[in-house]
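Breakdown of the fold
Here is what each chain is made of, one letter per residue.
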Amino acid sequence: MTSIDFDAIPRARLPALLRAMPKAELHLHIEGSLEPELIFRLARRNGVALAYPSVEALRAAYAFTDLQSFLDIYYAGASVLLKEEDFFDLGWAYFERAAADNIVHAEIFFDPQTHTARGVTIGAVIQGLSHACRRAHAELGISAKLILCFLRHLSEDDALATLDAALPYRHHFIGVGLDSGERGNPPEKFARVFARARAAGLHLVAHAGEEGPPEYIRAALDVLGAERIDHGVRCTDDPDLVERLARERTPLTVCPLSNVKLCVFPTLADHNLPALLGAGLCATINSDDPAYFGGYLNQNFVETFAALPQLSARDAYRLARNSFEASFAPAEDKARWIAALDHAFAHA
Ligand code: HPA
Ligand code: ZN
């Protein structure tokens, strides 16, 4: 990093550099990458009736006021996913886009309860996605891993049953997470299932501080043992917590376009990413649910940097480097990707 002259990189070079630099994506819900065109294709293939007459009508419904207004339409979209091949097609479509964005490593969330509640077997979900991950590695050179998320609006007993059903496929996923409606569903509700996942040797992450208060971030760390916080942007309401996250180097997987679409911040120019980086936090940029929120990872980077002129080439490097350091990849892979990142900036 010391050999890179960040100040010599003109701001006009940044969009191209943001696109070209190698990066990891750590907060991507695979069901949130389901594009309207694929929803209609799978609906036809599976004989599923949709509430919208066309791709355009469906896209026009993507106007959200908060997290719940999004989740209602997101779970409806996922209803076309029935067979193992559907999950493969979903995963593969994302990996083709990830390759175009120079993503070299992706840790992908999936929500098995969204599917098992409709009678889909957890084996079909996991094996279809896992097949896409293996093909992404073989054909696109992307290191791709799966993280099973529990839906926090459902009971902990439901999450425990889901973990039990998933454990025969333990070698297909690297960790567990916690997503869906945050308000009124604090991390404490899932203490037992996270303890059981930890005993199975799984990594632990949790959404916290997207709409919920800083206390939910503390509980995700202290009660669940989360190694990363997904979103976490509301930590800035609590300066002691910010100081702790910086000291412990707890990564935050920030999703700028998502935050604006779900009204967490009014505009990208109001986003607190510069404050998070300024406080020394290990923040990363991610796309969350790109089919619904207006862009994949490079779009998140380019639009965020365009809206926040205080972000510099040094911040671009830091964000990409953080994405590798915050990942659950082996140290030798991280070192290789960081060397490629250094090369991209040294020749910018
Ligand atoms: N928050 C909570 N649950 C989710 C999200 C999110 O941003 N995206 C998909 N499920
Ligand atoms: Zn999310």
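As a reminder, the structure under discussion sits directly above these lines.
These notes cover the structure that comes with them.

How each quantity is defined
Residues numbered from 1 in each chain as written. Chains lettered and ligands numbered in written order. Predicted model: local features only at pLDDT ≥ 70, side-chain atom pairs only at ≥ 80, totals over all residues. Heavy atoms only, no water. Near = heavy atom within 4 Å. Polar contact = N/O pair within 3.5 Å; in protein donor to acceptor, adjacent residues only side chain to side chain. Areas by Shrake-Rupley, 256 points an atom, 1.4 Å probe, with all protein chains shown as cover. 1 Å grid on protein atoms, 1.4 Å probe; cavity = no way out; pocket = protein on both sides within 12 Å on 5 of 7 lines; lining within 4 Å. Sits in = over half its atoms within 2 Å of the grid points. Helix = DSSP H or I, 4+ residues; strand = E, 2+ residues; numbered from the N terminus. Nonpolar A, V, L, I, M, F, W, Y, C, P; charged D, E, K, R; others polar. Phe/Tyr/Trp six-rings, centres within 6.5 Å; stacked < 30°, edge-to-face > 60°. Buried < 20%, exposed > 50% of the residue type's maximum accessible area, 1.4 Å probe, protein only. Lys NZ or Arg CZ within 6 Å of the ring centre and 35° of its normal. Axes fitted to C-alpha atoms, helices over the stretch in contact; angles between N-to-C directions. Parallel < 35°, antiparallel > 145°, perpendicular 65-115°, else oblique. Left-handed = near helix turned anticlockwise from the far one by under 90°. Contact = heavy atoms within 4.5 Å. Donors = N, O, S within 2.8 Å, 3.2 Å for Na, K, Ca; no water. Tetrahedral: all angles 85-135°; square planar, octahedral: opposite > 155°, others 65-115°. Points joined across faces, edges and corners; volume = space filled by probe spheres on them. Expected span 1.5 Å × (residues − 1).

Quick word on the site of ligand 1
- Taken together, His29, Leu67, Phe70, Leu71, Tyr74, Asp179, Ser180, His207, Glu210, His231, Asp288 and Asp289 make up the full set of residues adjacent to ligand 1.
- Between ligand 1 and Ser180 there is a distance of 2.8 Å, counted from a nitrogen atom to a backbone nitrogen or oxygen.
- His231 places a polar side-chain atom, nitrogen or oxygen, 3.2 Å from an oxygen atom of ligand 1.
- The fraction of the free accessible surface of ligand 1 (260 Å²) that becomes covered by protein chains is 100%.
- Among the cavities detected, the one that contains ligand 1 is the largest cavity.
- Counting residues per element, the shell around ligand 1 draws most heavily on helix α4 (residues 67-77), which supplies four residues.
- Classifying every residue of the shell around ligand 1 gives four nonpolar, four polar and four charged.

So, the packing of aromatic side chains
- Counting across every chain of the model gives 16 aromatic pairs.
- When the ring of Phe150 is compared with that of Phe194, the centres are 6.1 Å apart and the planes differ by 65 degrees; the resulting orientation is edge-to-face. One end of the pair, Phe150, is in strand β3 (residues 143-151); the other, Phe194, is in helix α9 (residues 191-199), and 44 residues separate them in sequence. Each member of the pair, Phe150 as well as Phe194, is classed as buried.
- Between Arg135 and the ring centre of Trp92, over which it is positioned, the NZ or CZ distance is 4.0 Å.

A look at the packing of helix α16 (residues 313-325) against helix α17 (residues 331-346)
- Where α16 contacts α17, the axes come no closer than 9 Å and their chain directions differ by 165 degrees. Considering the angle they form, α16 stands roughly antiparallel to α17. Every pair of crossing elements has a handedness; the one defined by α16 and α17 is right-handed. Taking contact as the criterion, the partners of Ala313, Ala316, Tyr317, Ala320, Arg321, Phe324 and Glu325 in α16 are, on α17, Lys334, Trp337, Ile338, Leu341, Asp342 and Phe345.
- Partitioning the contact of α16 with α17 into residue classes produces nine nonpolar, no polar and four charged.

A few points about the coordination of the zinc ion (ligand 2)
- Note on the zinc ion (ligand 2): its protein donors are His27 (NE2), His29 (NE2), His207 (NE2) and Asp288 (OD). The metal-donor distances range over 2.0 to 2.3 Å.
- Taken together, the four donor atoms coordinating the zinc ion (ligand 2) and their angles of 82 to 175 degrees define a geometry best described as irregular.
- In primary sequence terms, the donor set of the zinc ion (ligand 2) follows H-x1-H-x177-H-x80-D. Of this pair, His29 sits in strand β1 (residues 23-29) while His207 sits in strand β5 (residues 203-208); the two residues are 178 residues apart in sequence, bridging distant segments of the chain. Of the two residues, His29 and His207, neither departs from the other in class, the shared state being buried.

Quick word on the layout of surface pockets
- For the largest pocket, the calculated volume is near 270 Å³.
- Considering the residues around the largest pocket, the lining is formed by 17 residues, among which Cys133, His137, Ser143, Ala144 and Lys145 are closest to the centre.
- Those elements giving two or more residues to the lining of the largest pocket turn out to be α7 (122-140), β3 and α17.
- Among the residues forming the lining of the largest pocket, the class breakdown is seven nonpolar, six polar and four charged.

A word on α16
- Compared with the 18 Å implied by 1.5 Å per residue over 13 residues, the 18 Å span of α16 between its first and last C-alpha is a close match.
- Across the 13 residues that make up α16, a large majority, 10, are buried.
- Looking at α16, one finds that the buried residues are Ala313, Asp315, Ala316, Tyr317, Leu319, Ala320, Arg321, Asn322, Ser323 and Phe324.
- Its side-chain oxygen at 3.3 Å from the backbone nitrogen of Arg314, Ser312 defines the N-terminal cap of α16.

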